[in-house]
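# Reading the structure
Chain residues, written in single-letter form:
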Amino acid sequence: MDLNTIRDVARPRTRAQLPVWTAGDAWLAGGTWLFSEPQTHLNRLIDLTDLKWPALTVDGDHLSIAATCTVAQLDGLAFPPDWIAAPLINQCCRAFLASFKIWKTATVGGNICMSLPAGPMISLTSALDGICTIWRADGGEHRIPVADFVTGNQRNVLAAGDLLRQVDIPLAALRRRSAFRQISLTPVGRSAALLIGSIDGNGALSLTVTASTVRPIKLSFADLPGREELRNAILQQIPEAAYHADVHGKPMWRKHMTLRLAEEIRSELATDP
(Lines give C-alpha, C1' and ligand atoms only; values in the text may rest on other atoms or scores of the structure.)
Protein backbone atom coordinates (compact mmCIF):
# COMPACT_ATOMS: atom_id res chain seq x y z
CA MET A 1 0.00 0.00 0.00
CA ASP A 2 1.45 3.37 -1.03
CA LEU A 3 1.28 5.92 1.79
CA ASN A 4 0.68 9.00 -0.31
CA THR A 5 0.31 11.42 2.60
CA ILE A 6 3.91 10.95 3.77
CA ARG A 7 5.99 14.10 3.19
CA ASP A 8 9.18 13.14 5.03
CA VAL A 9 11.13 10.09 6.23
CA ALA A 10 13.56 10.68 9.11
CA ARG A 11 16.48 8.28 9.49
CA PRO A 12 18.15 8.86 12.87
CA ARG A 13 21.37 6.96 13.65
CA THR A 14 21.45 7.62 17.40
CA ARG A 15 18.92 8.30 20.12
CA ALA A 16 20.05 11.92 20.19
CA GLN A 17 19.04 12.24 16.54
CA LEU A 18 15.47 11.07 17.10
CA PRO A 19 13.26 13.96 15.98
CA VAL A 20 10.77 15.63 18.28
CA TRP A 21 7.55 13.66 18.03
CA THR A 22 4.62 15.49 16.48
CA ALA A 23 1.09 14.57 15.43
CA GLY A 24 1.23 12.64 12.17
CA ASP A 25 4.44 10.75 13.02
CA ALA A 26 4.88 6.98 13.05
CA TRP A 27 7.78 4.68 13.87
CA LEU A 28 8.86 2.50 10.96
CA ALA A 29 10.58 -0.85 11.59
CA GLY A 30 9.34 -3.79 9.51
CA GLY A 31 6.28 -1.89 8.30
CA THR A 32 4.25 -5.02 7.56
CA TRP A 33 1.16 -3.54 9.18
CA LEU A 34 1.97 0.10 8.41
CA PHE A 35 2.00 -0.53 4.66
CA SER A 36 -0.95 -2.92 4.72
CA GLU A 37 -3.68 -0.27 4.66
CA PRO A 38 -4.10 3.49 4.14
CA GLN A 39 -2.63 5.68 6.90
CA THR A 40 -4.13 9.02 5.92
CA HIS A 41 -3.44 10.54 9.35
CA LEU A 42 0.33 10.20 8.90
CA ASN A 43 2.74 12.62 7.23
CA ARG A 44 6.16 11.50 8.54
CA LEU A 45 7.84 8.17 9.14
CA ILE A 46 10.77 7.77 11.53
CA ASP A 47 12.81 4.84 10.22
CA LEU A 48 14.50 2.89 13.01
CA THR A 49 16.68 0.65 10.85
CA ASP A 50 19.65 3.05 10.74
CA LEU A 51 19.93 2.81 14.53
CA LYS A 52 21.41 -0.63 13.80
CA TRP A 53 20.50 -2.25 17.10
CA PRO A 54 21.99 -5.77 17.40
CA ALA A 55 19.08 -8.13 16.85
CA LEU A 56 19.95 -10.65 19.57
CA THR A 57 22.55 -10.51 22.30
CA VAL A 58 23.26 -12.54 25.42
CA ASP A 59 24.43 -10.21 28.14
CA GLY A 60 25.01 -11.57 31.63
CA ASP A 61 21.85 -13.37 32.69
CA HIS A 62 19.60 -12.16 29.87
CA LEU A 63 18.81 -12.64 26.22
CA SER A 64 18.16 -9.20 24.77
CA ILE A 65 15.86 -8.98 21.76
CA ALA A 66 15.95 -5.66 19.93
CA ALA A 67 12.59 -4.25 18.95
CA THR A 68 13.84 -4.28 15.34
CA CYS A 69 14.78 -7.97 15.45
CA THR A 70 12.88 -9.77 12.71
CA VAL A 71 10.88 -12.94 13.18
CA ALA A 72 13.33 -14.74 10.88
CA GLN A 73 16.30 -13.64 12.97
CA LEU A 74 14.63 -14.80 16.17
CA ASP A 75 13.58 -18.13 14.67
CA GLY A 76 17.13 -18.72 13.44
CA LEU A 77 18.68 -18.22 16.86
CA ALA A 78 21.10 -21.01 17.83
CA PHE A 79 20.71 -21.80 21.50
CA PRO A 80 22.68 -23.93 24.00
CA PRO A 81 21.34 -27.30 25.16
CA ASP A 82 20.38 -26.03 28.61
CA TRP A 83 17.84 -23.61 27.11
CA ILE A 84 15.21 -26.32 27.24
CA ALA A 85 12.38 -23.78 26.82
CA ALA A 86 13.87 -22.46 23.57
CA PRO A 87 11.53 -24.55 21.35
CA LEU A 88 8.86 -22.04 22.41
CA ILE A 89 10.64 -19.53 20.17
CA ASN A 90 10.09 -21.62 17.05
CA GLN A 91 6.56 -22.56 18.09
CA CYS A 92 5.54 -18.94 18.61
CA CYS A 93 7.19 -17.81 15.39
CA ARG A 94 5.11 -20.38 13.53
CA ALA A 95 1.95 -19.15 15.26
CA PHE A 96 2.13 -16.17 12.89
CA LEU A 97 1.06 -18.45 10.02
CA ALA A 98 2.88 -15.96 7.80
CA SER A 99 5.00 -16.39 4.67
CA PHE A 100 8.80 -16.34 4.71
CA LYS A 101 8.63 -12.86 3.17
CA ILE A 102 6.77 -11.56 6.21
CA TRP A 103 9.17 -13.39 8.55
CA LYS A 104 12.11 -11.53 7.02
CA THR A 105 10.46 -8.14 7.51
CA ALA A 106 8.09 -8.24 10.49
CA THR A 107 9.72 -7.34 13.79
CA VAL A 108 9.35 -8.61 17.33
CA GLY A 109 8.80 -5.07 18.62
CA GLY A 110 6.20 -4.32 15.98
CA ASN A 111 4.17 -7.35 16.95
CA ILE A 112 4.31 -6.43 20.63
CA CYS A 113 3.44 -2.79 20.00
CA MET A 114 0.47 -3.70 17.80
CA SER A 115 -0.82 -5.37 20.98
CA LEU A 116 -3.26 -7.68 19.26
CA PRO A 117 -4.53 -10.48 21.52
CA ALA A 118 -3.14 -13.07 19.08
CA GLY A 119 0.32 -11.48 18.85
CA PRO A 120 2.64 -14.50 19.24
CA MET A 121 5.65 -12.41 20.25
CA ILE A 122 3.53 -11.14 23.14
CA SER A 123 2.77 -14.76 24.05
CA LEU A 124 6.43 -15.76 23.89
CA THR A 125 7.99 -12.85 25.73
CA SER A 126 5.36 -12.61 28.45
CA ALA A 127 5.58 -16.36 29.13
CA LEU A 128 9.38 -16.06 29.42
CA ASP A 129 9.12 -13.18 31.92
CA GLY A 130 10.30 -10.63 29.36
CA ILE A 131 10.95 -7.05 30.45
CA CYS A 132 10.39 -4.17 28.01
CA THR A 133 12.75 -1.21 27.91
CA ILE A 134 10.87 1.87 26.76
CA TRP A 135 12.58 5.05 25.58
CA ARG A 136 10.33 7.85 26.78
CA ALA A 137 9.66 10.80 24.51
CA ASP A 138 11.04 13.11 27.23
CA GLY A 139 14.44 11.37 27.11
CA GLY A 140 13.86 9.07 30.08
CA GLU A 141 13.71 5.29 30.20
CA HIS A 142 11.20 2.90 31.71
CA ARG A 143 11.17 -0.88 32.23
CA ILE A 144 8.00 -2.92 32.51
CA PRO A 145 7.07 -6.62 32.14
CA VAL A 146 5.63 -7.54 28.75
CA ALA A 147 2.60 -8.96 30.55
CA ASP A 148 1.89 -5.45 31.89
CA PHE A 149 2.95 -3.61 28.71
CA VAL A 150 -0.14 -4.81 26.84
CA THR A 151 -3.30 -3.50 28.50
CA GLY A 152 -6.01 -4.57 26.04
CA ASN A 153 -6.90 -5.22 22.42
CA GLN A 154 -4.51 -2.94 20.49
CA ARG A 155 -3.78 -1.01 23.69
CA ASN A 156 -0.56 -0.68 25.62
CA VAL A 157 1.31 1.65 27.97
CA LEU A 158 3.14 3.63 25.26
CA ALA A 159 2.44 7.36 25.23
CA ALA A 160 2.86 9.48 22.10
CA GLY A 161 6.51 9.49 21.08
CA ASP A 162 7.51 6.58 23.33
CA LEU A 163 9.58 3.87 21.69
CA LEU A 164 10.06 0.20 22.57
CA ARG A 165 13.82 -0.36 22.53
CA GLN A 166 14.17 -4.03 23.50
CA VAL A 167 12.86 -6.97 25.48
CA ASP A 168 15.12 -8.77 27.95
CA ILE A 169 14.46 -12.45 28.66
CA PRO A 170 16.07 -13.91 31.81
CA LEU A 171 18.12 -16.97 30.93
CA ALA A 172 16.58 -18.71 33.94
CA ALA A 173 13.23 -18.64 32.12
CA LEU A 174 14.79 -20.33 29.10
CA ARG A 175 16.02 -23.14 31.34
CA ARG A 176 12.52 -24.07 32.57
CA ARG A 177 10.62 -27.10 31.36
CA SER A 178 7.74 -25.81 29.24
CA ALA A 179 4.63 -26.80 27.30
CA PHE A 180 2.88 -25.00 24.43
CA ARG A 181 -0.70 -25.18 23.18
CA GLN A 182 -2.36 -23.16 20.44
CA ILE A 183 -5.65 -23.41 18.56
CA SER A 184 -7.38 -21.50 15.78
CA LEU A 185 -10.97 -21.57 14.66
CA THR A 186 -9.84 -22.47 11.13
CA PRO A 187 -6.80 -24.49 9.94
CA VAL A 188 -4.80 -21.40 8.91
CA GLY A 189 -6.55 -18.81 11.06
CA ARG A 190 -5.40 -16.37 13.70
CA SER A 191 -4.75 -17.85 17.14
CA ALA A 192 -7.91 -18.03 19.22
CA ALA A 193 -6.07 -19.32 22.29
CA LEU A 194 -2.34 -19.66 22.92
CA LEU A 195 -1.19 -20.92 26.31
CA ILE A 196 2.31 -21.56 27.62
CA GLY A 197 3.15 -23.27 30.87
CA SER A 198 6.53 -23.73 32.53
CA ILE A 199 7.94 -25.23 35.71
CA ASP A 200 10.99 -23.85 37.50
CA GLY A 201 13.59 -25.76 39.47
CA ASN A 202 11.49 -25.56 42.64
CA GLY A 203 8.42 -27.06 40.98
CA ALA A 204 6.47 -23.79 40.72
CA LEU A 205 4.13 -23.55 37.73
CA SER A 206 3.66 -20.43 35.64
CA LEU A 207 0.78 -20.41 33.13
CA THR A 208 0.44 -17.61 30.58
CA VAL A 209 -2.87 -17.18 28.76
CA THR A 210 -2.91 -15.18 25.53
CA ALA A 211 -4.98 -14.89 22.32
CA SER A 212 -8.16 -16.00 24.07
CA THR A 213 -7.91 -12.92 26.30
CA VAL A 214 -7.53 -9.28 25.33
CA ARG A 215 -4.26 -9.04 27.25
CA PRO A 216 -1.75 -11.54 28.63
CA ILE A 217 -2.84 -13.09 31.91
CA LYS A 218 -0.32 -14.96 34.06
CA LEU A 219 -1.27 -17.45 36.75
CA SER A 220 1.29 -18.68 39.28
CA PHE A 221 1.26 -21.73 41.54
CA ALA A 222 3.79 -22.66 44.22
CA ASP A 223 3.73 -26.21 42.89
CA LEU A 224 1.92 -28.17 40.21
CA PRO A 225 -1.82 -27.83 40.89
CA GLY A 226 -4.41 -30.54 40.55
CA ARG A 227 -7.00 -30.50 37.76
CA GLU A 228 -9.71 -28.79 39.81
CA GLU A 229 -7.32 -26.33 41.44
CA LEU A 230 -6.12 -25.20 38.02
CA ARG A 231 -9.65 -24.96 36.63
CA ASN A 232 -10.88 -22.95 39.62
CA ALA A 233 -7.90 -20.59 39.43
CA ILE A 234 -8.65 -19.84 35.77
CA LEU A 235 -12.34 -19.29 36.49
CA GLN A 236 -11.55 -16.98 39.42
CA GLN A 237 -8.63 -15.02 37.97
CA ILE A 238 -9.80 -14.47 34.41
CA PRO A 239 -12.99 -12.38 34.34
CA GLU A 240 -15.58 -13.02 31.65
CA ALA A 241 -14.96 -9.58 30.17
CA ALA A 242 -11.30 -10.46 29.54
CA TYR A 243 -12.14 -13.03 26.86
CA HIS A 244 -11.74 -11.64 23.36
CA ALA A 245 -14.57 -11.53 20.82
CA ASP A 246 -14.07 -11.31 17.06
CA VAL A 247 -14.59 -13.38 13.91
CA HIS A 248 -11.84 -15.76 15.03
CA GLY A 249 -13.81 -17.01 18.01
CA LYS A 250 -16.58 -16.20 20.47
CA PRO A 251 -15.71 -15.54 24.14
CA MET A 252 -17.42 -18.65 25.53
CA TRP A 253 -15.60 -20.91 23.06
CA ARG A 254 -12.28 -19.20 23.83
CA LYS A 255 -12.93 -19.71 27.54
CA HIS A 256 -13.68 -23.39 26.97
CA MET A 257 -10.49 -23.84 24.92
CA THR A 258 -8.48 -21.99 27.57
CA LEU A 259 -9.63 -24.47 30.21
CA ARG A 260 -8.99 -27.42 27.93
CA LEU A 261 -5.52 -26.35 26.80
CA ALA A 262 -4.52 -25.42 30.34
CA GLU A 263 -5.36 -28.94 31.52
CA GLU A 264 -3.37 -30.41 28.63
CA ILE A 265 -0.38 -28.32 29.68
CA ARG A 266 -0.79 -29.34 33.32
CA SER A 267 -0.95 -33.00 32.36
CA GLU A 268 2.13 -32.74 30.14
CA LEU A 269 4.19 -30.99 32.79
CA ALA A 270 3.04 -33.46 35.44
CA THR A 271 4.84 -36.19 33.52
CA ASP A 272 8.41 -36.74 34.57
CA PRO A 273 10.83 -35.43 31.92
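Figured I'd write up the structure that's included with this text. (Residues numbered from 1 in each chain as written. Predicted model: local features only at pLDDT ≥ 70, side-chain atom pairs only at ≥ 80, totals over all residues. Heavy atoms only, no water.)

### As for the side chain of Ser64
- Along the polypeptide, Ser64 turns up in strand E5 (residues 62-66).
- Under the relative-accessibility criterion, Ser64 is labelled buried at 12%.
- Side-chain polar atoms of Ser64 contact the side chain of Asp168, separated by 2.5 Å.
- Excluding anything up to four places from it in sequence, Ser64 contacts Ala55, Leu56, Thr57, Gln166, Val167 and Asp168. (Helix = DSSP H or I, 4+ residues; strand = E, 2+ residues; numbered from the N terminus. Buried < 20%, exposed > 50% of the residue type's maximum accessible area, 1.4 Å probe, protein only. Polar contact = N/O pair within 3.5 Å; in protein donor to acceptor, adjacent residues only side chain to side chain. Contact = heavy atoms within 4.5 Å.)

### A look at the packing of aromatic side chains
- Per the counting criterion, the structure on display carries two aromatic pairs.
- Measuring from ring centre to ring centre gives 4.9 Å for Trp21 and Trp27, while their planes differ by 40 degrees; the resulting arrangement is tilted.
- Taking relative accessible area as the criterion, Trp21 reaches 26% and is therefore assigned partly exposed.
- Taking 5.5 Å as the distance between ring centres and 85 degrees as the angle between the ring planes, the aromatic pair formed by Trp53 and Trp135 counts as edge-to-face. With a gap of 82 residues between them, Trp53 in the loop between strand E3 (44-47) and strand E4 (56-59) and Trp135 in strand E6 (residues 131-135) connect regions that are remote in the sequence. The same class applies to Trp53 and to Trp135, which are both buried. (Phe/Tyr/Trp six-rings, centres within 6.5 Å; stacked < 30°, edge-to-face > 60°.)

### Re the sheet that holds strand E1 (residues 8-10)
- Pairing in this open sheet of three strands is parallel, and the strands run E1-E3-E2 from one edge to the other. Looking at strand neighbours, the two that pair on one side only are E1 and strand E2 (25-28), the edges of this open sheet. Each neighbouring strand pair of the sheet contributes to a mean axis angle of 25 degrees, computed without reference to strand direction. (Pairing = 2+ DSSP bridges. Axes fitted to C-alpha atoms, helices over the stretch in contact; angles between N-to-C directions.)

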